[in-house]
There are 2 protein chains.
Amino acid sequence: MNDPNVLFGSLFEPKRIALIGASADAAKTTSRPQRFLQKHGFAGEILPVNPSRSEILGVPAFRDLDAIAGEIDHAYILLNGRAAVAALEACGRRGVKVASILAGGFADAGADGASLQGDLSRIVRETGIRLVGPNSIGTVSTDPPVALTANAAFAVDRLRAGNWAVVSQSGSLIGALLSRADARGIGFSRLVSVGNEVDLAVGEIADLLVADARTDAILLFMETLRDGDRLARAARRAHAAGKPVIAYKLGRSEAGQELARSHTGAIAGSDATFDAFCRRHGIARVSMFESLVDVPSLLVGRPLARGRRVAVATTTGGGAAMVVDNMAVAGLDIVGPPRGLVDWLKPLGIAAGDGRLVDLTLAGAKPDIVAGTLERLLADDGNDAVVFVVGSSAQFNPELAVEPLLRFAGTRKPFAVALTPAAEKSLALLTAGGVAAFRQPESCAEAMALCLQRPVPAVVTGVAEPSVEALSALADGKRSGFDERRATALFAALGIPVAKSAAVPDARRVVSAVQEIGAPVALKILSADIPHKTEAGGVALGIPDGQAAAVVAREMERKVKAHAPHARLEGFLVQKMERGLAEVILGFRRDPLVGPTVTVGLGGVLAEIYKDASTRLAPVGEQEALEMILEVKGLATIRGFRGMRKGDVAALARAISAFSMLAHAALAEVSEAEINPLLVKGEREGVVAVDGLVIAG
Amino acid sequence: MNDPNVLFGSLFEPKRIALIGASADAAKTTSRPQRFLQKHGFAGEILPVNPSRSEILGVPAFRDLDAIAGEIDHAYILLNGRAAVAALEACGRRGVKVASILAGGFADAGADGASLQGDLSRIVRETGIRLVGPNSIGTVSTDPPVALTANAAFAVDRLRAGNWAVVSQSGSLIGALLSRADARGIGFSRLVSVGNEVDLAVGEIADLLVADARTDAILLFMETLRDGDRLARAARRAHAAGKPVIAYKLGRSEAGQELARSHTGAIAGSDATFDAFCRRHGIARVSMFESLVDVPSLLVGRPLARGRRVAVATTTGGGAAMVVDNMAVAGLDIVGPPRGLVDWLKPLGIAAGDGRLVDLTLAGAKPDIVAGTLERLLADDGNDAVVFVVGSSAQFNPELAVEPLLRFAGTRKPFAVALTPAAEKSLALLTAGGVAAFRQPESCAEAMALCLQRPVPAVVTGVAEPSVEALSALADGKRSGFDERRATALFAALGIPVAKSAAVPDARRVVSAVQEIGAPVALKILSADIPHKTEAGGVALGIPDGQAAAVVAREMERKVKAHAPHARLEGFLVQKMERGLAEVILGFRRDPLVGPTVTVGLGGVLAEIYKDASTRLAPVGEQEALEMILEVKGLATIRGFRGMRKGDVAALARAISAFSMLAHAALAEVSEAEINPLLVKGEREGVVAVDGLVIAG
């Protein structure tokens, strides 16, 4: 069943729902879906299936699926293990369009579970039924209401409708988000718990939601990434449709990644890699849980904002200072008021313009002054966004406090309100009025930084097709093994300058090679069987002339043979010694979740200690490569830091982009590659790759 | 008036309060103190002073202060500018014990204001009156109630009493904290807005609160530090009394520091310096505003906890995963359950022990299972603290959900509960029951990290008195100017190994000096008039022998004379070239706010880019110096990172401790000093200072 409209309808607006294993016992989790459907006014038909009951909660029950006549849009399977598998099989045979499985105990629970999960996959493949879960706590729509879920949080009296959709890999979190948002007066359009994602995964569901007229924003709670290509497509389509996609993902720490693995049987990718994925495809990633609910209101319905200059006005200095401090820590610039505002406030007895914060003080806590201030700040080209920080008036006179703020709902320029006291009423009024409002200075800062620096889907341009030379260098390396010479030959074929070198079959020929290349040289043993040449005694640096090189070569051969008697030696690589202003590492790998990535970092042990590197999905164009270079703090050394001599940043960007071409499908056999070091010379002097490796196959 | 008991009584439990400039007009801020005092049941006598009214809000008003008979404990001056100054003068003459001034417009408002503030200082000095403010929005006690404040937040119907005190440099924030804490069922004992701190500052007030029987914890909201010595004393006494001191301080960003300056006319110190202050004196610093209210419940009434191993149990995997992820990011280790718990859960059908998280799942959401789990975790020596993460039961069955948790209030081992949904009722029940409960996974993680790694007041030991040699090296440097030779002489006198060197008056004598010291050498011009010798051409390195050194010396003299014709040259320093495994910078300075500090960082441009350094109040003992070394990430290079050769960390610690002795009062004339570089050699090979500077006077 692959028609997205039918799938959408069956998932979110089903007319007839079968509950397989339904229960009338309110103490049982399996009774919840029916109770919640009924409680929240599901207008369609509920079809409980339970062989031992003729009626459940006032609705006639069926012995089995075959006892039900007519089409079934969605079947929620509330049975465990083998029984759930059998039920899915029955659904598939019966032509049910979508099934969900509540139970865990599949790939999330060891080898036996994984085998059961394999059965589910097979049934999906064979019957064409679409499956949510297993381990899915349900799929909910609010308008029209379909509370098809076993999550206890849906016991609320009223299911609030709204225009943001939630797709979550954690079932419990859809309940947590429901309750947290509801407490702030925010409702959702849809909430889906995708569970183990045997079939329908986050990406495909997000993709369905892009076309949903009731959905303006798509919020993701993620533990891993299973259908990256599909999510990428969804994020790009959502961006084009003006619907922000906002993700919270577990796994910023090792412990969190381990947990995501054990919790859902998922492979958790590295955090930097997921960041690169989000950036490439235009997904806004939040780091605070509360931000998932806080951020959308700042993004939805606004053109994309850009910049880092934020103007802040307030009636409460201390509260605003916290917002300013956090925004500055988040990398935003706080900018002062325009002349026009300072002049307007002066006759009102308010001295703004000394500092960057516009502090109206208590004297300015009047609706007209607040509104006049905001009007002038929002009209000012000197800032990219405006924040107003409210004090205790929000607590005691919510209507009065928010009235001048509500006028600015829907401004093109991002506008946010931060509340200093606990002021739930004001928060609700602002939210209902469409003004982004924040309780925590930290999440206000995170939201604003995200709003102004939100990634947009990148279109990679200027990356050429791999040349004939590159393809033949790959074939050569595959045939004979990727020793250093063949690795650098591939890099050279991609367009990366490599150190001048010559391969010679034996020590005697070293002298003439040095003559040809020019001293000083480095000498390296050639053997595809020795990955760590230095440890094997197979590397010598800074050899001053050909005679010395020949002597070193003979000694090296002896040492290497002693170290690795069975290695096949193919001679020596004689390489020109190169010097640069900085040593850079370029890394390429095919990530199991997000696909090819390219990483640039500073070479040497300090860069490793400081974990100072920038990662992107590959390939990258030169412009994006330049952004990567800017992100590597340690590369300030070639960007003119403290009057240091500048390096050839443009050539480095070209090399990164060329290297990232390894992502091309025609080079798919390269699974990993590294250039280490790539030396960066002075401006307009280029870069040169000195050593590297390629892992193929 | 310096008797702390009298001061305490007048501030927090005054019997007779004068309100100078009181108003009956509810629209005016100046009417608030009287309204709030009355509203919250102040049992003492209110004495409004207003020349144009005979009665205010039902209380007889006085023409002036002299019209009031008898003692006045506390006078709140609600007038502005000169009138406020005159009122303080009258209070001082009249023998009022404590006055507070509401108005701003003093040092927070330019030169005119600063001059007015000078008048306030003079009056305090001359009359002995104690002053809170100016720019103080009030001082509040809850039991017995004294709501002496103009902060609008105190318009609440009920002033909740509690056992934590708030001292804030921001007036508006006492209102924000009141409302935020009240919303969670938390009350305070006292709330003080200290304003510009002309007289009574944060430290002295905190010091008064240490002896307050109604106060268990002292919370500080700070923009700057004005009475550091007093606050240090208060923090140490509070620690001894088992009362945690918890601080939120603005100024983590440049913009925040600038704002703190302009907002209150304060000097904002550097953030690392304030951190060092907190660490030395045992103040727990929080980074999230919400943590100020969240953290105390985890600390109050518990013995000091130590460690990083946290056990986490839950009924809701996704919510717990967020807590785990944030705790791991905060540097805590998540540890698995003890065997005994795994065995106990097994027959109950709960499989714990596969991962580190104890996930009871829905099946374990029964009071006995939760309680049994917590009992076993809290008794386990394998962890240092326990967190329980509650799911939706907290929202719908708060009594049931919290019942098994409340049994563990007051455990010696830190125990916290994190709530996944919005569950205000559970939060309030837990808070009332004395269990630390958290709404945000981020602040739960911050609180737990702080709880387990809370600084305790440090007693510095093993730091010797400055020797006669050190005093004489200081005198010598002061007399003749601190060129490099005299700087290193001082360092040597402090006990820091310095590179072998000789000073010679002219180029001719260089040859014999090299003979004496041994080649290769470095040659440096000697002149107190040339601070940047390299730029002046006054440094040459790696000179292989004496003849070459003499040639270099003559050339150097010519270059330096051309560069700085008026500099007084005193000859040359011939220094043995030294090599080490790492270059370290040591810095010493006397900070205007916290006093002497010592900083250790890795030398070189990368360390500067990564801002990788550790700062402490000076002096430091060797143990604390070792901790500093561990905090400098880049020094992993001498701690055995990746099998690299280890450096002499012990000698480095000795050198840091010796260098920090510059803090000694006898060396007070040294305002700043730096050793750059200090070379760290291999294990048991020591360290050696190669270059440095001292700024005296």
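Residues numbered from 1 in each chain as written. Chains lettered and ligands numbered in written order. Predicted model: local features only at pLDDT ≥ 70, side-chain atom pairs only at ≥ 80, totals over all residues. Heavy atoms only, no water.

**Q** What's the story with the relation of the copies chain B and chain A in this structure? I'm lost.
**A** Taken together, a rotation about one axis and a shift along it account for how the two chain copies relate. The transformation that overlays chain B on chain A combines an axial shift of 0.1 Å with a rotation of 180 degrees, and the residual RMSD is 0.1 Å. The superposition operator between the copies reduces to a two-fold rotation axis. (Least-squares fit on C-alpha atoms with pLDDT ≥ 70 in both.)

**Q** Could you clarify how one ought to interpret the side chain of A:S141 in this entry?
**A** Residues and elements named next belong to chain A. As for its position among the elements, S141 is in strand β8 (residues 138-142). By relative accessible area, which is 1% here, S141 ends up buried. Looking at S141, its side chain comes within polar contact range of the main-chain oxygen of F12, at 2.8 Å. Leaving out residues up to four positions away in the same chain, S141 has contacts with F12, V146, A147, L159, S189 and R190. (Helix = DSSP H or I, 4+ residues; strand = E, 2+ residues; numbered from the N terminus. Buried < 20%, exposed > 50% of the residue type's maximum accessible area, 1.4 Å probe, protein only. Polar contact = N/O pair within 3.5 Å; in protein donor to acceptor, adjacent residues only side chain to side chain. Contact = heavy atoms within 4.5 Å.)

**Q** Got a minute to help me understand the confidence of the model for chain A in this structure?
**A** Note: predicted coordinates in regions of low pLDDT should not be interpreted at a detailed level. Considering every residue of chain A, the mean pLDDT works out to 92; 98% of them sit at 70 or more. Among the prediction metrics, the complex's ipTM stands at 0.90, with pTM recorded as 0.92. (pLDDT = per-residue confidence, 0-100.)

**Q** Explanation requested: the interface of chain B and chain A in the structure shown.
**A** How big an interface is tends to be stated in terms of accessible area lost as the parts join. With 71 residues of chain B at the contact, the number on the chain A side is 71 residues. If you look at where chain B meets chain A, you find two salt bridges. Where A:E608 meets B:R642, a salt bridge forms, and the shortest distance between an N and an O atom there is 2.5 Å. Within the residue set of the side of chain B that touches chain A, elements represented by two or more residues are α5 (171-183), β13 (245-249), α8 (254-264), α12 (317-329), α15 (393-396), α18 (441-452) and α23 (605-610) of chain B. Here the side of chain B that touches chain A gets 10 residues from one element, more than from any other, and that element is α12(B). Partitioning the side of chain B that touches chain A into residue classes produces 36 nonpolar, 20 polar and 15 charged. (Salt bridge = Lys/Arg side-chain N within 4 Å of Asp/Glu carboxyl O. Nonpolar A, V, L, I, M, F, W, Y, C, P; charged D, E, K, R; others polar.)

**Q** Looking at this model, I keep getting lost on the sheet that holds strand β23 (residues 539-543) of chain A. Mind explaining?
**A** In any sheet, the strands associate via hydrogen bonds between backbone groups, in a parallel or an antiparallel arrangement. Residue and element names in this part refer to chain A. Pairing in this open sheet of four strands is antiparallel, and the strands run β21-β24-β22-β23 from one edge to the other. Each end of this open sheet is capped by a strand with a single partner; those strands are β21 (501-504) and β23. If you compare each strand with its neighbour and ignore which way they point, the axes differ by 15 degrees on average. Examined bridge by bridge, β21 and strand β24 (residues 572-576) share four bridges and lie antiparallel to one another. By the bridge assignment for β24, V504 is matched with F572. Contacts from helix α21 (residues 510-517) reach β21, β22 (521-525) and β24, with the element oriented near 25 degrees to β24. Contacts between helix α22 (residues 546-563) and the sheet are confined to β22, β23 and β24, with β22 contributing the most and set at about 25 degrees to the helix. (Pairing = 2+ DSSP bridges. Axes fitted to C-alpha atoms, helices over the stretch in contact; angles between N-to-C directions.)

**Q** Would you explain a positive patch on the surface in this entry?
**A** A cluster of basic residues, A:K611, A:K633, B:K611 and B:K633, forms a positive patch on the protein surface. Assessed through its relative accessible area of 73%, A:K611 is described here as exposed. (Patch = residues over 30% accessible without salt bridge, like charges linked within 9 Å, V, L, I, M, F, W, Y side chains within 5 Å. Areas by Shrake-Rupley, 256 points an atom, 1.4 Å probe, with all protein chains shown as cover. Lys, Arg positive; Asp, Glu negative; His and termini not counted. Charge placed at Lys NZ, Arg CZ, Asp CG, Glu CD.)

**Q** I would appreciate a short explanation of the sheet that holds strand β2 (residues 45-49) of chain B in the present structure.
**A** Residue and element names in this part refer to chain B. On the basis of which strands lie adjacent, the open sheet formed by five strands has the order β2-β1-β5-β6-β7 and parallel pairing. In this open sheet, the two strands that pair with only one neighbour each are β2 and β7 (130-132). Pairs of neighbouring strands in the sheet enclose a mean axial angle of 20 degrees, with direction left out of account. Inspection of the sheet shows strand β5 (residues 74-77) paired to strand β6 (residues 98-101) by four bridges, in the parallel sense. Paired with H74 across the two strands is V98, which belongs to β6. Against the sheet, helix α3 (residues 81-94) engages β1 (16-20), β5, β6 and β7, with an angle of about 170 degrees to β5.

**Q** When you look at unusual backbone geometry in this model, what are you seeing that I'm missing?
**A** Each neighbour pair has its own omega, and for A:A519 with A:P520 the value is -10 degrees, a cis peptide bond. Structurally, the position occupied by A:P520 is in the loop between α21 and β22. A cis amide bond, omega -5 degrees, links B:D143 with the succeeding residue B:P144. Along the chain, B:P144 turns up in the loop between β8 (138-142) and β9 (145-149). Non-glycine residue A:K611 carries a positive phi angle of around 50 degrees. Position of A:K611 among the secondary structure elements: in the loop between α23 (605-609) and β27 (613-617).

**Q** Explanation requested: the environment of B:G301 in the structure shown.
**A** You can see B:G301 is positioned in the loop between α11 (296-299) and β15 (309-314). Along the primary structure B:G301 and B:S141 are separated by 160 residues, whereas in three dimensions their C-alpha atoms are 22 Å apart.

**Q** Got a minute to help me understand α18(B) in this structure?
**A** Every α-helical turn comprises 3.6 residues, leaving residues that sit three or four positions apart pointing alike. All names here are of chain B. With 12 residues, α18 extends 17 Å between its outermost C-alpha atoms, agreeing within 8% with the 16 Å of an ideal straight helix rising 1.5 Å per residue. A large share of α18 lies buried, amounting to 12 of its 12 residues. Within the span of α18, buried status applies to P441, E442, S443, C444, A445, E446, A447, M448, A449, L450, C451 and L452. (Expected span 1.5 Å × (residues − 1).)

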